[in-house]
Each structure stands twice: as structure tokens, then as C-alpha cells.
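So the chains spell out like this:
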Amino acid sequence: MPPLVDIVKVAIEWPGAFPKLMEIDQKKPLSAIIKEVCDGWSLTNHDYYALQHADSSNFYITEKNRNEIKNGAILRLTTSPAQNALQLHERIQSSSMDAKLEALKDLASYSRDVTFAQEFINLDGISLLTQMVESGTDFGDMLSFTLTAFVELMDHGIVSWDTFSVAFIKKIASYVSKFPTDIAILQRSLAILESMVLNSHDLYQKVAQEITIGQLIPHLQGADQEIQTYTIAVINALFLKAPDDRRQEMANILAQKQLRAIILQHVIRAQRAINNEMAHQLYVLQVLTFNLLEDRMMTKMDPQDQAQRDIIFELRRIAFDAESEPNNSSGNVEKRKSMYTRDYKKLGFINHVNPAMDFTQTPPGMLALDNMLYFAKHQQDAYIRIVLENSSREDKHECPFGRSSIELTKMLCDILKVGELPSETCNDFHPMFFTHDRSFEEFFCICIQLLNKTWKEMRATSEDFNKVMQVVKEQIMRALTTKPSSLDQFKSKLQNLSYTEILKIRQSERMNQEDFQSRPILELKEKIQPEILELIKQQRLNRLVEGTCFRKLNSRRRQDKFWYCRLSPNHKVLHYGDLEESPQGEVPHDSLQDKLPVADIKAVVTGKDCPHMKEKGALKQNKEVLELAFSILYDSNGQLNFIAPDKHEYCVWTDGLNALLGKDMMSELTRNDLDTLLSMEIKLRLLDLENIQIPDAPPPIPKEPSNYDFVYDCN
């Protein structure tokens with residue numbers, strides 16, 4: 001008799017028959033189990049049959065995934081993937097339009113399963129679908145399901161994108177360029193174009209020839225956020241894969257088409273919430289736009305280039321408005337050099353004699369000089385005021401405009417990660433950067449005035465330069481975290497973050513993190529900590545009971561497939577299952593088909609230790625995805641793999657699972673919560689001792705008295 005751990009009790013359905021209850025020995029070959037089931041219903045040719053989960057997923061059970069079968073699961077005996085693929089291959093070529101439509105619906109559903117997909121592709125099914133699209137004879141639902149099946153099949157990464165013809169690309173592009181068109185067809189066509197551009201250099205060239213930004217713009221002006229998201233995704237893909245020498249050209253086209261203004265009006269300021277996928281695409285567009293600054297950021301100034309030197313002369317002219325220049329007689333050459341050196345010193349350059357040398361460091365290179373010129377020309381009064389204010393101060397108290405601008409530009413590039421590729425999981429876009437065509441330069445103009453203001457508030461000297469820059473960075477970062485909707489709102493946020501306010505914030509945070517280090521307080525902390533940890537543990541488990549929707553990811557970045565996992569209220573079972581779309585609230589336990597007893601969990605692993613992070617080609621193992629990955633290991637080889645939607649959910653789930661296993665909660669979120677709650681609890685308990693100094697050590701115990709005659713005698 002096989003060990004009980006290898007036995008799974010299931011029910012198996014067959015159309016027209018009563019379900020069969022049986023025990024499956026997981027050590028026996030799957031083919032032998034299928035033969036046993038077929039024999040029970042007197043079915044011959046058991047090679048033509050396979051087992052499926054009886055839910056709506058239509059996923060086949062294979063030797064690879066059979067360990068996912070749970071006790072109490074309901075399975076279905078059905079035709080094998082090979083037979084099913086062969087039948088659907090024939091059915092979609094039916095002369096009956098109704099039969100063909102039903103076959104395409106089934107194909108779109110079954111193609112989500114990789115086992116079926118492999119069999120259908122082996123029959124040259126992808127070529128058949130592309131021929132159907134190229135023929136142009138199908139419309140409406142027929143074409144929609146054809147494209148859906150195509151997208152699902154290609155998502156498995158079995159077939160290379162390089163194999164498609166120009167005729168197919170032209171057809172897909174035509175569904176996008178002809179406006180209006182069927183929403184479902186448009187959505188799938190945009191998804192196909194994005195995948196083509198991202199996965200093939202040759203196809204990028206062909207798609208770029210067939211689709212223009214002007215043809216994509218109308219789709220952004222509609223009311224369907226999903227279509228808007230896919231449209232921006234295509235624009236981002238074209239932007240990302242454009243050769244270096246064409247990116248600026250594409251940026252110019254985007255500017256001409258007023259893409260920024262359209263996105264601001266129809267997406268960001270539309271009267272609806274921005275979902276995570278749209279936020280991600282806006283973040284990618286923001287990063288790609290700022291990355292256009294990389295060339296200037298990494299370009300050193302050539303001290304011999306007269307055109308570049310003229311920019312410095314222009315900065316001097318605007319600041320000091322030199323009405324007359326000494327004539328070029330030999331006697332005045334030295335006088336003119338002396339005057340220029342004096343003015344360059346007032347402008348705050350490090351090298352007073354040849355300020356061009358200040359711009360030879362990369363980053364920020366020539367980008368700093370571009371920012372300075374923009375500020376001088378577009379906010380001339382503010383520029384002149386800053387320069388003249390500092391010219392009239394003592395040397396040690398002047399805020400050097402030139403040096404400050406160079407260091408500030410470098411800092412802003414670091415904050416906005418100019419030159420770095422966009423993260424695949426980040427949604428951190430800033431609406432204010434979509435409100436102006438020259439948003440980086442405007443951002444600089446606000447921040448250089450902030451720097452000068454902070455310098456004065458700190459009464460800084462030249463030795464305090466780095467300290468001032470640290471304060472300014474903190475002011476900028478704190479203002480950015482509030483996600484101001486416009487540059488003016490960003491400026492207002494900075495007004496409320498003066499140096500005095502920053503000191504108060506720092507002091508408050510220091511009180512929370514570093515204060516109360518005396519021995520009595522530390523002992524009190526030690527006594528309270530178990531209570532706080534238990535409170536955090538209960539919060540984590542309550543969150544697991546509420547459950548979380550996880551997105552399925554694969555080699556194609558965006559995947560509109562979801563699954564949900566939640567803990568039972570008694571903390572004994574994890575319920576999970578696939579969803580057709582992202583839920584708007586909690587998903588009931590009874591709607592989740594699969595269960596995993598907590599008692600069966602052997603371990604929780606994270607990052608590179610996760611099985612799905614080791615699978616070849618399963619995911620692009622970039623840093624962001626690795627940081628959000630965790631897996632539950634159970635039974636012999638069972639595993640439940642997760643990619644958390646964000647860092648917060650990652651911490652909640654890893655903490656909660658470790659708590660279920662009786663292990664310590666080690667996440668950064670737990671450390672922060674513990675520090676915060678400990679600090680709050682101690683402050684509450686010490687309210688009655690306010691303004692009373694607590695000694696660092698308890699008072700000494702006095703010596704015993706020589707006698708105890710003073711003790712009251714009750715007798």
C-alpha cells in the first residue's frame with residue numbers, strides 16, 4: 001500500500017455519468033491513472049483522453065503540475081490536448097459561420113493552457129490564424145476571438161515573433177489606424193503591436209513604418225481607460241526600442257502631436273481613478289522622456305567651442321547687462337580679462353578664469369549649463385536677483401549660483417533616475433511633469449530658488465555647501481512624495497518645508513527613532529515589545545484573511561490574468577483560485593477552487609530561492625521582480641508561487657506566512673511598525689512624567705540599618 005502522503009482523494013466527472021470517487025496514487029504514471037479511469041467507464045483508446053480541473057480554467061493535468069491536485073478536488077475526464085487541438089484545428093476551418101465562431105471561442109479559452117498551446121502550435125496553428133487575419137474575411141466577434149487566441153498562444157513564448165509577415169503586420173496596424181473600430185479588436189491589436197515592438201528589432205522597423213503617432217492619438221481621447229493604457233504602451237514600446245539617433249526625432253513628433261497635453265486632459269485629469277497598469281505606463285513614459293536628457297548630461301563642455309562659451313557670455317550679459325565693452329586695444333585686454341574674472345566669480349563659478357572647465361564633469365555635463373540658460377532667459381528677474389543678492393554678500397556667505405546649479409542638476413538627475421531603464425513594476429509617476437513641455441527645466445527653476453532660500457535660512461557659508469544640498473534634497477523628496485498635481489502646487493509644498501520645518505520634522509523623527517535610550521526606557525521597551533509584536537502579527541493575519549489579488553506575470557510584461565489568495569478565518573487553510581478580472585473587493589472563500597492546509601506548508605522562500613525565479617525563461621529576473629517574489633513549499637514537490645503587487649503586500653504576506661509557521665516576522669515593514677508602535681506606546685505611558693527628567697540609572701539601594709527597633713510592634 002502506497003504511503004498516505006502520496007494518495008489524493010478526488011472526484012472525476014464524465015459527461016452523462018455519475019462522478020467517480022477515487023484515490024490517486026501520485027507515484028503512479030499519469031497515463032496509468034487515466035487508463036484506470038477510462039476502464040471504469042469502459043472507454044477504449046485511453047491515449048485519447050486526459051484529466052482537467054473541472055473549473056472554468058480548462059487547464060490540463062500533466063506530470064509537471066500533477067502535484068497541485070488537492071484532496072477533494074473535482075477533475076474532469078476529457079479529450080487529450082493533442083486530440084482537442086486536432087479537432088479545434090479542423091473546426092475553425094468549418095464552412096459554417098456559427099460552428100467556426102464557437103470553435104474560435106473554445107480555442108481562445110483552451111489556448112491559455114500551455115500543454116494545449118504546444119499541441120496546437122505543432123499543427124502549424126499560428127500560421128492558420130495569421131492566414132485567417134490576412135485574408136480579411138472575418139469581422140466582429142469572429143475576428144476578435146481569432147486575435148484573442150493568437151495573443152494567448154503567443155504569450156507562452158513558444159513561437160518567435162520574428163516569423164510574421166509584413167502582410168500580417170499591415171493588417172493588425174489597419175485595425176488600429178481605422179478609427180472608430182471594435183473595442184475588443186482594437187485592444188488585442190494594440191497588445192499584438194506592443195509585443196512585436198518589444199520582442200523583435202526587425203518587427204519594430206516594420207511596425208514603425210505602418211503605424212504613426214497621429215493614428216494612435218485618437219485612442220487616447222476616448223473614454224475607455226484600457227484602450228488608453230494599451231495605446232500608451234505601444235507609444236512607450238516604440239519610444240523604448242527606437243535607435244538612439246531616432247529618439248529625439250520621435251520626441252519631437254510627440255511634442256508636435258501634443259501628446260503630453262492630451263494625456264494630461266484625457267487621462268490624468270479625467271474624472272476617474274488611474275489604475276495600476278495605467279500608472280505604470282505613465283511612469284514609463286515619464287522615465288523615457290527624462291532619458292532624452294542623458295546625452296546632454298553625459299556631454300562634457302569643450303572649452304575651445306565658441307558656441308558653448310557664448311552661453312556663458314550670455315549668462316554674464318543677462319546678469320550684469322554690460323552696456324559697453326572696452327575696445328580691443330592692447331591696453332584694455334588685461335582690463336577686460338580682469339572684469340570677466342570678477343563677474344564669473346560673482347556668478348559663482350569654481351573656475352573664475354575659465355568657467356568652461358566647471359562643465360567637464362559628467363554627470364551633469366552640459367545639462368547644467370542648459371538649465372542655467374533656461375532660468376536666466378525664462379525667469380530673468382529671479383535670476384538677476386539671485387546673482388546680485390549673492391554678489392553683495394560677504395565672500396564666505398554667498399551662495400555660488402554656478403556651483404549650486406551644477407550640483408543641483410546632478411541631484412535632480414539622480415532623483416529622477418535620468419539614464420536608467422524604467423522598472424517593470426514601478427507605478428511612481430508624477431502628474432506635475434505632464435503639465436509643461438519643459439518640465440525638467442521648470443523643475444530646476446523652482447529648485448534653484450529653493451536652494452538660494454534655504455541657504456539664507458541656514459545662514460550658510462561656503463563650508464556648509466554639502467549640508468545645504470542635503471537639506472534641499474530632503475525638501476524636494478518630501479514635496480514629491482505628496483504627488484503635487486502641478487508645478488505651482490509643488491512650489492507651494494516647498495513653501496511649507498522651510499529649513500525650520502525640516503529641523504522640526506527631523507527632531508520629531510529622531511524622537512521616534514533614537515530618543516528614550518535611558519536604561520529604564522529600554523527596560524520598558526523590552527517589556528512592551530512582545531505585546532506589540534503580537535499586535536502586528538494579528539494585523540498581518542487579518543490582512544491574509546482579507547486576501548490579495550495577484551497578477552500573473554510571464555515573459556510578456558503585461559498580463560491581464562489574475563488569481564486571488566486568502567487565509568481562512570480559523571487560520572488553518574489557504575484558499576486560492578484564478579479570476580477573470582481584477583476584483584473590486586474581497587473574494588468569498590467558496591468561489592476559490594483550490595485549498596492548501598497551513599499544516600502542509602514546509603517552508604516560505606523569497607527572491608532567488610523561489611522556484612519560479614529559477615525557471616528558464618519563466619520571468620525576466622530583474623531586481624524589481626525578484627524583490628517581490630515569494631513561494632510556499634509543501635508536500636514533496638508542491639509549490640505556490642507569488643509575485644506581490646507591491647513591496648507593502650510582499651511584506652504583509654511574508655510576515656503573515658512566517659507568523660503562521662511560528663517564525664519571526666523579519667520584514668522592513670515589521671521593523672518600521674514595531675518602532676512606530678513602541679514609540680507611541682512609551683509616549684502614552686510616560687505622559688504623566690512629562691517635563692520630569694528620568695534618571696539613566698535607578699537610585700542606589702541603601703545599606704541595611706544596624707537594627708530594626710523602629711519597626712512597629714503589633715503586640
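Heads up: these notes are all about the structure in this document. (Residues numbered from 1 in each chain as written. Predicted model: local features only at pLDDT ≥ 70, side-chain atom pairs only at ≥ 80, totals over all residues. Heavy atoms only, no water.)

**Some points on helix 12 (residues 244-256)**
Here is step 1: Every buried residue belonging to helix 12 is among Met250, Ala251 and Leu254, and all of these are buried. Axial view of helix 12: buried residues confined to an arc of 105°, hence all on one face. Opposite its buried face, helix 12 presents the exposed residues Asp245, Ala255 and Gln256, each directed more than 90 degrees away.
Here is step 2: In this structure, the buried side of helix 12 is in contact with helix 10 (213-220), helix 11 (225-241) and helix 13 (259-268).
Here is step 3: Looking at the residues trailing helix 12, positive phi occurs at Gln258, about 55°. (Buried < 20%, exposed > 50% of the residue type's maximum accessible area, 1.4 Å probe, protein only. Helix = DSSP H or I, 4+ residues; strand = E, 2+ residues; numbered from the N terminus. Arc of directions from axis to C-beta. Contact = heavy atoms within 4.5 Å.)

**A closer look at the packing of helix 13 against helix 14 (residues 276-290)**
Here is step 1: Contact geometry of helix 13 with helix 14 gives a least axis separation of 13 Å together with a crossing angle of 160°. Here helix 13 lies roughly antiparallel to helix 14, going by the angle between them. In this structure, the crossing between helix 13 and helix 14 has a hand that is left-handed. The residues of helix 14 that touch helix 13, namely those facing Leu259, Ile263, Val267 and Ile268, are Met278, Leu282 and Leu285. (Axes fitted to C-alpha atoms, helices over the stretch in contact; angles between N-to-C directions. Parallel < 35°, antiparallel > 145°, perpendicular 65-115°, else oblique. Left-handed = near helix turned anticlockwise from the far one by under 90°.)

**A few points about the pattern of salt bridges**
Here is step 1: Taken as a whole and assessed by the stated rule, the structure comprises 25 salt bridges.
Here is step 2: The shortest N-O distance in the salt bridge between Arg540 and Asp673 comes to 3.1 Å. One end of the pair, Arg540, is in helix 25 (residues 519-546); the other, Asp673, is in helix 29 (residues 668-685), with 133 residues separating them in the sequence.
Here is step 3: Two residues, Glu546 and Arg543, come together in a salt bridge whose shortest N-O distance is 3.4 Å. With Glu546 and Arg543 both in helix 25 and three residues apart, this pair spans about one turn of that helix.
Here is step 4: Given a relative accessible area of 35%, Glu546 falls into the partly exposed group.
Here is step 5: Given a relative accessible area of 16%, Arg543 falls into the buried group.
Here is step 6: Beyond isolated ion pairs, a larger network of salt bridges with shared partners links Arg316, Arg342 and Asp343. (Salt bridge = Lys/Arg side-chain N within 4 Å of Asp/Glu carboxyl O.)

**Notes on the packing of aromatic side chains**
Here is step 1: Per the stated rule, a full pass over the model turns up 31 aromatic pairs.
Here is step 2: Look at Phe375 and Tyr383: their rings are 6.1 Å apart centre to centre, the planes differ by 85°, and that puts the pair in the edge-to-face class.
Here is step 3: Geometrically, the ring pair formed by Phe550 and Phe630 is edge-to-face, given 6.5 Å between the ring centres and 70° between the ring planes. Taken as a pair, Phe550 in strand 5 (residues 548-551) and Phe630 in strand 10 (residues 629-634) lie far apart in primary sequence, 80 residues in all.
Here is step 4: Residue classification places Phe550 among the buried residues on the basis of a relative accessible area of 0%.
Here is step 5: In this structure Phe630 comes out as buried when scored by relative accessible area, which is 0%.
Here is step 6: Looking at Lys20, its charged tip hangs above the ring of Trp41, at a distance of 4.9 Å from the centre.
Here is step 7: The ring centre of Phe465 lies 3.8 Å from the NZ or CZ of Arg403, which sits over that ring. (Phe/Tyr/Trp six-rings, centres within 6.5 Å; stacked < 30°, edge-to-face > 60°. Lys NZ or Arg CZ within 6 Å of the ring centre and 35° of its normal.)

**Considerations on the sheet that holds strand 6 (residues 562-567)**
Paired through their backbone hydrogen bonds, the strands of a sheet run either parallel or antiparallel.
Here is step 1: Here we have four strands laid out as an open sheet, ordered 5-6-7-8, and antiparallel in their pairing. Edge positions in the sheet fall to strand 5 and strand 8 (594-597), since each of these pairs with one other strand and no more. Neighbouring strand axes in the sheet, compared pairwise and without regard to direction, differ in orientation by 25° on average.
Here is step 2: The pairing of strand 5 with strand 6 spans four bridges and is antiparallel. Considered in strand 6, the bridge of Phe550 is made with Trp563.
Here is step 3: Against the sheet, helix 25 makes contact with strand 5 and strand 6, and its axis sits at roughly 135° relative to strand 6, the strand it touches most. (Pairing = 2+ DSSP bridges.)

**A word on unusual backbone geometry**
Here is step 1: In this chain, Thr362 is followed by Pro363 through a cis amide linkage whose omega measures -20°.
Here is step 2: Within the secondary structure, Pro363 is located in the loop between helix 17 (330-346) and helix 18 (366-378).
Here is step 3: One non-glycine residue, Asp124, lies in the positive phi region at around 65°.
Here is step 4: Tracing the backbone shows Asp124 in the loop between helix 4 (114-122) and helix 5 (125-135).
Here is step 5: On the basis of relative accessible area, Asp124 is assigned to the partly exposed category, the value being 47%.
Here is step 6: Backbone geometry places His571, a non-glycine residue, at a positive phi of 65°.
Here is step 7: When you line up the elements, His571 lands in the loop between strand 6 and strand 7 (573-579).

**Describing the layout of surface pockets**
Here is step 1: Reported here for the second largest pocket is a volume of approximately 680 Å³.
Here is step 2: Along the wall of the second largest pocket there are 24 residues; nearest its centre are Ala251, Ala255, Thr289, Leu292 and Asp437.
Here is step 3: Listing elements by their share of the lining of the second largest pocket, those giving two or more residues are helix 12, helix 13, helix 14 and helix 21 (439-457).
Here is step 4: In terms of residues, the lining of the second largest pocket owes the most to one element, helix 12, which gives five residues. (1 Å grid on protein atoms, 1.4 Å probe; cavity = no way out; pocket = protein on both sides within 12 Å on 5 of 7 lines; lining within 4 Å. Points joined across faces, edges and corners; volume = space filled by probe spheres on them.)

Distances and angles like these do not, on their own, reveal function.
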